[in-house]
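So the chains spell out like this:
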Amino acid sequence: MPKALITGVTGQDGSYLAEFLLDKGYDVVGMVRRSSTVNFERIAHIQDQIQFVNGDLLDQVSMIEALSTHRPDEVYNLAAQSFVQTSFGQPVLTGETTALGVTRILDAIRLVDTGIRFYQASSSEMFGQVHEVPQTEATSFHPRSPYGVAKVYGHWITVNYRESYGLHASSGMLFNHESPRRGMEFVTRKISHAVAMISLGRQEELRLGNLDAQRDWGFAGDYVEAMWRMLQQDVPDDYVVCTGETHSVKEFCEIAFSHAQLDYKDFVVIDEEFFRPAEVDLLVGDYSKANENLGWKPATSFVDLVTMMVDADLALLTGKLDSIS
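As the structure is a prediction and not an experimental result, all values here were calculated from the model. (Residues numbered from 1 in each chain as written. Predicted model: local features only at pLDDT ≥ 70, side-chain atom pairs only at ≥ 80, totals over all residues. Heavy atoms only, no water.)

(A) Molecular detail of the pairing of strand β2 (residues 27–32). Judged by how many residues are buried, β2 sits mostly within the fold: 5 of 6 residues are covered. Here strand β1 (residues 3–7) pairs with β2 via 5 bridges, running parallel. Its bridge partner lying in β2, Lys-3 is registered against Asp-27. In terms of handedness, the path from β1 via helix α1 (residues 12–23) over to β2 forms a crossover that is right-handed. (Buried < 20%, exposed > 50% of the residue type's maximum accessible area, 1.4 Å probe, protein only. Helix = DSSP H or I, 4+ residues; strand = E, 2+ residues; numbered from the N terminus. Pairing = 2+ DSSP bridges. Right-handed = clockwise from strand over helix to strand, strands pointing away.)

(B) A look at α1. Taking 1.5 Å of rise per residue, the 12 residues of α1 would be expected to cover 16 Å, and the 17 Å separating its terminal C-alpha atoms lies within 8% of that figure. Across the 12 residues that make up α1, a large majority, 10, are buried. Residues of α1 that are buried include every one of Gln-12, Asp-13, Gly-14, Ser-15, Tyr-16, Leu-17, Ala-18, Phe-20, Leu-21 and Leu-22, and no others. Of the residues one or two after α1, Gly-25 is the one with positive phi, at around 90°. (Expected span 1.5 Å × (residues − 1).)

(C) Structural view of the packing of helix α6 (residues 187–199) against helix α10 (residues 302–317). Between α6 and α10, the shortest axis-to-axis distance is 8 Å and the interhelical angle comes to 50°. Taken together, the axis directions place α6 and α10 in an arrangement best described as oblique. Pair α6 / α10 crosses with right-handed handedness. Every residue of α10 that contacts α6 at Thr-188, Arg-189, Ser-192, His-193, Val-195, Ala-196, Met-197 and Ser-199 is listed here: Met-309, Val-310, Asp-313, Leu-314, Leu-316 and Leu-317. Across the contact of α6 with α10, the residue classes tally to 8 nonpolar, 4 polar and 2 charged. (Axes fitted to C-alpha atoms, helices over the stretch in contact; angles between N-to-C directions. Parallel < 35°, antiparallel > 145°, perpendicular 65-115°, else oblique. Left-handed = near helix turned anticlockwise from the far one by under 90°. Contact = heavy atoms within 4.5 Å. Nonpolar A, V, L, I, M, F, W, Y, C, P; charged D, E, K, R; others polar.)

In short, the description is geometric, and any link to function would need to be established separately.
Here's what the structure looks like:
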C-alpha cells in the first residue's frame with residue numbers, strides 16, 4: 001500500500017487529510033513535535049490507525065531520520081506557524097518554521113529519496129494587497145504579514161527544488177478553509193463558538209476586528225482532496241484551491257447568529273485590538289486550473305460551512321460531541 005507522511009497531522013488540515021488517505025488505503029505516518037502540549041484531539045478517532053514519528057521543521061536531522069526510517073511515497077507539509085496575527089508578534093519564529101522549515105524538508109527529500117512526491121501548503125495570504133481580482137496561479141504576490149512573507153518563501157523554494165533537482169513538488173495555494181476543527185484563534189471558529197456560547201446563555205458578547213474584511217472561505221474537508229490529487233499527477237505544478245466566492249466577516253456573523261435565531265448586531269462589539277497592522281481586504285480565487293487539470297471543485301457551500309460549524313460547537317458545548325472530531 002502507498003505510504004504518506006504528514007507534517008502537522010494534529011492540525012485541522014492534517015486531521016482531514018489523514019482521514020482521507022486512510023480511506024484511500026494509505027499507510028499514514030504523522031510527524032509530531034516532541035512536546036508536553038501535543039494535542040491529539042482532532043485525530044483521536046483515528047489515532048490508532050496512524051504511525052507517529054517525532055520531528056520538527058526546525059531540525060533537519062529529524063526530517064532526514066523520519067524519511068529514512070519510514071520511506072514514504074508522498075510527503076504533505078502542513079506544519080507551520082499558521083496564525084497571521086501571531087506572525088506579527090513572532091516574525092522570526094514564523095520565518096524559521098513556515099519559510100525555512102520548507103527548505104529543510106525539501107533538502108531532506110533531496111538527500112534521502114528524490115522519488116518522494118511533495119506537497120507544500122501555500123496560502124492565499126501570499127497575494128496580500130491584491131494586484132488583480134480574482135487571484136490565479138499567475139497573480140503577483142504582495143504579502144501583508146510575516147506569515148504571508150514566509151509562505152511566499154516556502155512557495156518559491158518548492159518551485160526552486162522542483163526546477164533544480166527534478167523533484168515532484170507541488171504547491172496548493174489554498175484560500176481560507178474552515179471547519180469545526182478550526183482553532184479557536186481563527187475568526188470563523190471564534191464566531192461559531194461564540195454563537196453557541198451566547199445561545200446557551202454562557203457568553204454575552206463577541207469582540208471582533210474588521211467586519212468588512214472579505215475572504216474566499218471553503219471547507220477544509222473538500223480542500224485536502226485537492227492536495228492528494230496534485231500528487232497523483234504525472235507533472236508537478238502549483239494550483240489555486242478556493243471557492244471563487246467572497247464573503248465578509250459581517251456576512252459570516254449574520255449567517256452564524258441567524259442560524260441560532262439571534263441578531264449579530266445585538267452581540268458583536270468592534271474592538272481595535274483585533275485589527276491587523278496591515279489588513280488584507282479582498283481575497284477571492286479562481287480554481288479553473290484545479291478544475292481542469294485535477295478534476296476538483298468545492299463541494300460545500302458557504303452557508304452549509306457556517307451552519308456546520310455552529311451546529312458542531314453547539315453539540316460540543318452541550319455534550320453531544322465528545323471532541324471536535
